[in-house]
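Here is how the chains run, residue by residue.
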Amino acid sequence: MLLQRLSLCPRLFVGPKTLQTFVRSVSQGKLPLARAHGKSFAHRSELRQAKRIVVKLGSAVVTRGDECGLALGRLASIVEQVAMLQNQGREMMIVTSGAVAFGKQRLRHEILLSQSVRQALHSGQNQLKDMSLPVLEARACAAAGQSGLMALYEAMFTQYSTCTAQILVTNLDFHDDQKRRNLNSTLHELLRMNIVPIINTNDAVVPPPEPNSDLQGVISIKDNDSLAARLAVEMRADLLIALSDVEGLYDSPPGTDDAKLLDTFYPGDQQSITYGTKSRVGIGGMEAKVKAALWALQGGTSVVIANGTHPKVTGHVITDIVEGKKVGTFFSEVKPAGPTVEQQTDMARTAGRTLASLLPEQRSEIIYAMADLLTEKREEILSANKKDMELAINSGRMPAPMLKRLSLSSAKLNSLAIGLRQIAVSSQDSVGRVLRRTRVANNLELEQITVPIGVLLVIFESRPDCLPQVSALAIASGNALLLKGGKEAANTNRILHELAQEALSMHGVKDAIQLVSTREEVEDLCRLEKMIDLIIPRGSSQLVRDIQRAAKGIPVLGHSEGICHVYIDHEASIDKVIKIVRDSKCDYPAACNAMETLLVHRDVLRTPLFDQIIDMLRTEQVKIHAGPRFASYLTFSPSEVKSLRTEYGDLECCIEVVDSMQEAVDHIHKYGSSHTDVIITENEETAEQFLQLVDSACVFWNASSRFADGYRFGLGAEVGISTARIHARGPVGLEGLLTTKWVLRGDGHTAADFSEQGSMKFLHENLPVTQLLTGQRTSN
């Protein structure tokens, strides 16, 4: 049956790979299933379920900037996306503009050619420069451009083994019941045969639109916006994508100072926006688009208005919308009960500025209150955590290491409370501390002081204990905080966030910490570069890598891998080796600071020490992988490692042999992740060389790699471990959440005072640094 449908398109060639992919997708159930029409999608993430999709291409999208001819590159990328979605099993329809522009290009060419021949015959070549073009009538341009536009679409879609068909309509076709039924039948039959209908108004004969010509409950076809909306509702489409030359719908005309792009638009918000002028081409404007979108929404079709002209996004704008990403403005009839993530970020920033202006003692009081609430509300917290644990266990999908992170206990809460109190003490001299004071000239004093970074976004997986730790550090450093926790810890995160806000309320800054509970994708949060100043991921290496890729405009603090090494020197102590290796690997194998590779000096092989190491690892049920060099020493070796750059995150490790300390350093630099590396030796000179040469965030001598932790460093808590070389490195505590600003105090000084003609001289005299706490003035 499938081959019969495909054979109906005479110019269609279906390669074996395309057919195999399609059939495989059908058999595996990967294609979107048809859904009962009548209600639009409530949230963007549901757009993945869209089966029948109408894509409306505005005149500004299809035409070039000079309005003569088509934007071929842009059109080709749109065709590629539509063809890809069609080949996934979706039913795609295109409502297109462009016939007038294409016809204008053709007619101008013909007129110029005709005039040049005529003038060459009568006046000679020297008169060609005086030629002028007549004003071209739009209907004539449309008549001349329709066939060329369709031929172009057909040629482009053929490259993707996709057949197309042209349908021209007018407003009268929708007023005549018989014509409507015929149109509906034709479109359904084309979709049934896997053909993409290309629909346009018949501009060669269409009369000018009549103002206020809408019938009761029915939209009149005045432009391609209204045509796309009418068609989407008539065909019971799941989604209408309207592409124009603006990013979406703004609350005021784009380009004005306070204009904000609306991520989601609700019918009741129509009175709160101001419309700007229409696009450079076409007969519609944003007001017409909104009217058409609301009419389609009322008819059960979801709508997204987005930019189809931006060179950086045009190549994936349609597929991004269908995947539920935050692109353009999504029209929804269901308004969420709480604030949007953008509103939460604004609330956090405003309250965060107030938090930063509090006295250090006031911020400490908030943190102490949080610590007390962790113990006072212990039963409520553990009850919520029990619900999360039961759901996770019953799902059967969460691995044991993640279950361990998810679990809270009384001992864990007590430990958290102790850590919070340490942070409260250290926060006394954090914000507003003077790092440098310089008398630039007489009565001109310069200071560099610590200030908060701004708004932090912390994304964490299945580790609810992260929430109070990070909250306390944000409060101590005067930063606003946006938290996005894993859904597996939703109940625990909710109550812990409520406790944090309860503590913040004592000084009127409750909104400084926000928990994102809406269905926001992490990738969408990473695009809020104008609202978020720093992203801190807490979770798997895959999560960190995904965030680093997605957050192109926001700095990310963290590490993607924790490939930690322990090097056993030939002068190492047996007792220290066994203790340190056991703790580094077996204490918490899933931690980022756990040992993944054990480097052994060649002279240690075939010694009692090496035998004890192997026996201990076997007793602890650690699976051993042999490095290439180690495997060459053995007759029967363990499984050879696939890669020396592997983070196991479990009771597994690699053992490799090196000839010297320098070779161990070279190995670490080649295969490590600059996280934490350890040397075990009794030779102080060798140890000092190792500590100096290894370029990692943490380098230890005769100590477990598990010491790479903010709590163990005495930081109270940490927001993560950074392997970056800019800003913060290693376990990041309070100091890593601060930046600086320069404050200059003068007495009517100007730059001209220090010019060649000026009378003042630079002194640049360094002054003693004293505390500059918020609200206080330093003394000389």
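Nothing here was measured: the structure is a model prediction, and the numbers come from that model.

Definitions and limits used
- Residues numbered from 1 in each chain as written.
- Predicted model: local features only at pLDDT ≥ 70, side-chain atom pairs only at ≥ 80, totals over all residues.
- Heavy atoms only, no water.
- Helix = DSSP H or I, 4+ residues; strand = E, 2+ residues; numbered from the N terminus.
- Buried < 20%, exposed > 50% of the residue type's maximum accessible area, 1.4 Å probe, protein only.
- Contact = heavy atoms within 4.5 Å.
- Areas by Shrake-Rupley, 256 points an atom, 1.4 Å probe, with all protein chains shown as cover.
- Phe/Tyr/Trp six-rings, centres within 6.5 Å; stacked < 30°, edge-to-face > 60°.
- Lys NZ or Arg CZ within 6 Å of the ring centre and 35° of its normal.
- 1 Å grid on protein atoms, 1.4 Å probe; cavity = no way out; pocket = protein on both sides within 12 Å on 5 of 7 lines; lining within 4 Å.
- Points joined across faces, edges and corners; volume = space filled by probe spheres on them.
- Nonpolar A, V, L, I, M, F, W, Y, C, P; charged D, E, K, R; others polar.
- Axes fitted to C-alpha atoms, helices over the stretch in contact; angles between N-to-C directions.
- Parallel < 35°, antiparallel > 145°, perpendicular 65-115°, else oblique.
- Left-handed = near helix turned anticlockwise from the far one by under 90°.
- Core = buried A, V, L, I, M, F, W, Y, C linked by side-chain atoms within 4.5 Å.
- pLDDT = per-residue confidence, 0-100.
- Salt bridge = Lys/Arg side-chain N within 4 Å of Asp/Glu carboxyl O.

Novice: Can you help me understand the overall build of the protein chain in this one?
Specialist: On a plain count of helices and strands, the protein chain comes out with 25 helices and 24 strands. Split into buried and exposed, the 780 residues of the protein chain put 51% on the buried side. Of the contacts made within the protein chain by residues no fewer than 6 positions apart, 74% connect residues no fewer than 24 positions apart. Surface accessibility of the protein chain: about 36200 Å² in total, with carbon and sulfur atoms responsible for 51%.

Novice: So what exactly am I meant to see when it comes to the environment of Ile381 here?
Specialist: Within the fold, Ile381 resides in helix 14 (residues 378-395). For Ile381 and Leu408, which are 27 residues apart along the polypeptide, the C-alpha to C-alpha distance reads 8.4 Å. Here Ile381 is in contact with Leu374, Leu408, Leu413, Ile495, Leu496 and Leu499, once residues within four sequence places are set aside.

Novice: Is there a simple way to think about the packing of aromatic side chains in this case?
Specialist: The relation between two aromatic rings is expressed through the spacing of the ring centres and the mutual angle of the planes. A complete count under the given rule lists five aromatic pairs for this structure. Positioned above the aromatic ring of Tyr588, the side-chain terminus of Lys404 is 4.9 Å from the ring centre.

Novice: Explain the layout of surface pockets to me, please; I cannot follow it from the model alone.
Specialist: Remark: the empty space left among the atoms is shown by a probe the size of a water molecule rolled over them. Approximately 1900 Å³ is the volume attributed to the largest pocket. Leu261, Lys326, Arg527, Leu528 and Glu529 are the residues nearest the centre of the largest pocket, which is lined by 47 residues in total. Taken together, the residues of the lining of the largest pocket break down into 17 nonpolar, ten polar and 20 charged. Put simply, the second largest pocket is a space of about 1300 Å³. Taken together, 46 residues line the second largest pocket, and the ones lying closest to its centre are Arg405, Arg463, Arg538, Tyr588 and Ala591. At the level of secondary structure, the elements contributing two or more residues to the lining of the second largest pocket comprise helix 15 (400-406), helix 16 (410-426), helix 17 (466-477), strand 14 (534-538), helix 20 (541-550) and strand 21 (720-722). Looking at which element gives the most residues to the lining of the second largest pocket, the answer is helix 16, with five residues. Considering only residue class, the lining of the second largest pocket consists of 18 nonpolar, 14 polar and 14 charged.

Novice: Help me understand the packing of helix 14 against helix 18 (residues 490-504) in this model?
Specialist: Between helix 14 and helix 18, the shortest axis-to-axis distance is 7 Å and the interhelical angle comes to 160 degrees. The angle between helix 14 and helix 18 falls in the class roughly antiparallel. Our pair here, helix 14 against helix 18, has a crossing hand that is left-handed. Residues Glu380, Ile381, Ala384, Asn385, Lys387, Asp388 and Leu391 of helix 14 pack against Ala490, Asn491, Thr492, Ile495, Leu496 and Leu499 of helix 18. Tallied by class, the residues present in the contact of helix 14 with helix 18 amount to seven nonpolar, three polar and three charged.

Novice: Explanation requested: the nonpolar core in the structure shown.
Specialist: When a protein is soluble and globular, its nonpolar side chains tend to lie buried together. Ile366, Ile367, Ile381, Val458, Ile475, Leu481 and Leu483 are the most contacted members of the largest nonpolar core, which totals 51 residues. Take this core: its biggest share by element is eight residues, from helix 17. In this structure, Val233, Met235, Leu240 and Trp295 belong to the second largest nonpolar core, which totals 40 residues.

Novice: In this structure, what is going on with the confidence of the model for the protein chain? I would like to understand it.
Specialist: This prediction gives the protein chain a mean pLDDT of 85; 85% of its residues lie at or above 70. A low-confidence stretch, residues 1-34 stays under pLDDT 50, and its non-local contacts, those more than four residues away or across chains, total 39 contacts. Contacts from residues 771-780, a stretch scored under 50 in pLDDT, to residues over four places away or in other chains number 34 contacts.

Novice: Explain the pattern of salt bridges here, please?
Specialist: Think of it this way: side chains of opposite charge can pair up when their charged atoms draw near. For the structure shown, the criterion picks out 34 salt bridges. A salt bridge links Arg549 to Asp546; the nearest nitrogen and oxygen atoms lie 2.5 Å apart. Residue Arg549 and its partner Asp546 are located together in helix 20, separated by three residues, close to a single helical turn. Under the relative-accessibility criterion, Arg549 is labelled exposed at 52%. Given a relative accessible area of 34%, Asp546 falls into the partly exposed group. Of the charged contacts in the structure, one is a salt bridge between Glu682 and Lys576, with a shortest N-O distance of 3.0 Å. Of the two residues, Glu682 is situated in the loop between strand 19 (676-680) and helix 25 (684-693) and Lys576 in helix 21 (residues 574-586); the sequence distance between them amounts to 106 residues. Its relative accessible area of 43% is what places Glu682 among the partly exposed residues. Its relative accessible area of 34% is what places Lys576 among the partly exposed residues. Connected via shared salt-bridge partners are Asp320, Glu323, Lys325, Glu523 and Arg527.

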